[in-house]
Amino acid sequence: NAGVTQTPKFQVLKTGQSMTLQCAQDMNHNSMYWYRQDPGMGLRLIYYSASEGTTDKGEVPNGYNVSRLNKREFSLRLESAAPSQTSVYFCASSQPRQHEQYFGPGTRLTVT
Amino acid sequence: GENVEQHPSTLSVQEGDSAVIKCTYSDSASNYFPWYKQELGKRPQLIIDIRSNVGEKKDQRIAVTLNKTAKHFSLHITETQPEDSAVYFCAADDRGSTLGRLYFGRGTQLTVWP
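It should be emphasised that the depicted structure is a prediction, and the values quoted were computed from it without experimental measurement.

Sorry, what's going on with the overall build of chain B here?
Summing up its helical and strand segments, chain B has zero helices and eleven strands in all. Along the chain direction, N to C, the helices and strands of chain B fall in the order β-β-β-β-β-β-β-β-β-β-β. The globule rule puts the C-alpha radius of gyration for 114 residues at 13 Å, and the 14 Å found for chain B is close to it. Based on the C-alpha atoms only, the size of chain B along its principal axes is roughly 40 × 30 × 20 Å. Looking at chain B as a whole, 46% of its 114 residues are labelled buried. Taking the intrachain contacts of chain B between residues at least 6 apart in sequence as the baseline, contacts between residues at least 24 apart amount to 55%. About 5600 Å² of surface is accessible on chain B, with carbon and sulfur atoms providing 46% of the total. Computed over 13 positive and 14 negative side-chain charges, the inter-centroid distance for chain B is 5 Å.

Mind showing me how you'd approach the environment of I62 of chain B here?
Residues and elements named next belong to chain B. Within the element layout of this structure, I62 appears in strand β7 (residues 62–67). Counting along the chain gives 18 residues from I62 to P44, while the straight-line C-alpha distance between them is 17 Å. Not counting residues within four places of it along the chain, the set of residues in contact with I62 comprises I47, I48, K57, H76 and I77.

So what exactly am I meant to see when it comes to the nonpolar core here?
Buried together is how nonpolar side chains tend to be arranged in soluble globular proteins. One finds W35, F73 and L110 of chain B to be the most contacted residues of the largest nonpolar core, which totals 24 residues. Elements that contribute at least two residues to this core include exactly β2 (10–14), β3 (19–25), β4 (32–38), β5 (45–51), β7, β8 (72–77), β9 (86–93) and β11 (108–113) of chain B. With 19 residues, the next largest nonpolar core counts V4, Y64, L78 and A81 of chain A among its residues.

Would you mind going over the layout of surface pockets with me for this structure?
Rolled over the atoms, a probe as big as a water molecule pinpoints where empty space is left. Considered as a void within the structure, the largest pocket measures approximately 770 Å³ in volume. Every residue lining the second largest pocket is counted, 14 residues in all, and those nearest its centre are N3, V4, F104, G105 and R106 of chain B. Elements with a minimum of two residues in the lining of the second largest pocket: β5 (42–51) of chain A together with β1 (4–7) and β10 (102–104) of chain B. By residue number, the principal contributor to the lining of the second largest pocket is β1 of chain B, which donates four residues. Broken down by class, the residue content of the lining of the second largest pocket amounts to five nonpolar, four polar and five charged.

About the thresholds
Residues numbered from 1 in each chain as written. Chains lettered and ligands numbered in written order. Predicted model: local features only at pLDDT ≥ 70, side-chain atom pairs only at ≥ 80, totals over all residues. Heavy atoms only, no water. Helix = DSSP H or I, 4+ residues; strand = E, 2+ residues; numbered from the N terminus. Rg over C-alpha atoms; globule rule 2.2 N^0.38 Å. Buried < 20%, exposed > 50% of the residue type's maximum accessible area, 1.4 Å probe, protein only. Contact = heavy atoms within 4.5 Å. Areas by Shrake-Rupley, 256 points an atom, 1.4 Å probe, with all protein chains shown as cover. Lys, Arg positive; Asp, Glu negative; His and termini not counted. Charge placed at Lys NZ, Arg CZ, Asp CG, Glu CD. Core = buried A, V, L, I, M, F, W, Y, C linked by side-chain atoms within 4.5 Å. 1 Å grid on protein atoms, 1.4 Å probe; cavity = no way out; pocket = protein on both sides within 12 Å on 5 of 7 lines; lining within 4 Å. Points joined across faces, edges and corners; volume = space filled by probe spheres on them. Nonpolar A, V, L, I, M, F, W, Y, C, P; charged D, E, K, R; others polar.

Have a look at this one:
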């Protein structure tokens, strides 16, 4: 099992450009999450999805959109990137009632 | 929503000493409290967790204690080793929700000096 995978690993964007971060899991988990990690700020939840076809806002959703394409895949889109979105982005998944979240390797995004 | 506070933000100890990291939470309905370890450049990984019906849990050199009345929980690492150096995050679940959403503390950078 690959667990949780993310693409790309690194990305540099110019202000105003758009991009989509991809995440997939092969553990048949229902719940999936997108976090951003900034120095001294911990892991902040952007969006999450409790099941295929449903998504909910987390703590910091502004400037992002998500799509739960199917049970395996959960993508994060930046429509118009801003320097404030420079961060490391982690995708995670979990099974309801088991709570343990499994994280992907992360995407390091720089917006100039 | 839940608010999780974590202290200290940095912690330096000598190899062989103990390290303690403390977290408080605000929502008395939370009942799952995991700890994650993140090595430099790597993903966070679960190292130990505790549920509200248990006061203490141990796994070799690490232990977690929970005080539901005071709404705080702590991570204890004994006989620290250089490979324990990492960022540690505590978390609490969302009002006992079955969905699995977690609220994380801001992290503690632990450095173990040989």
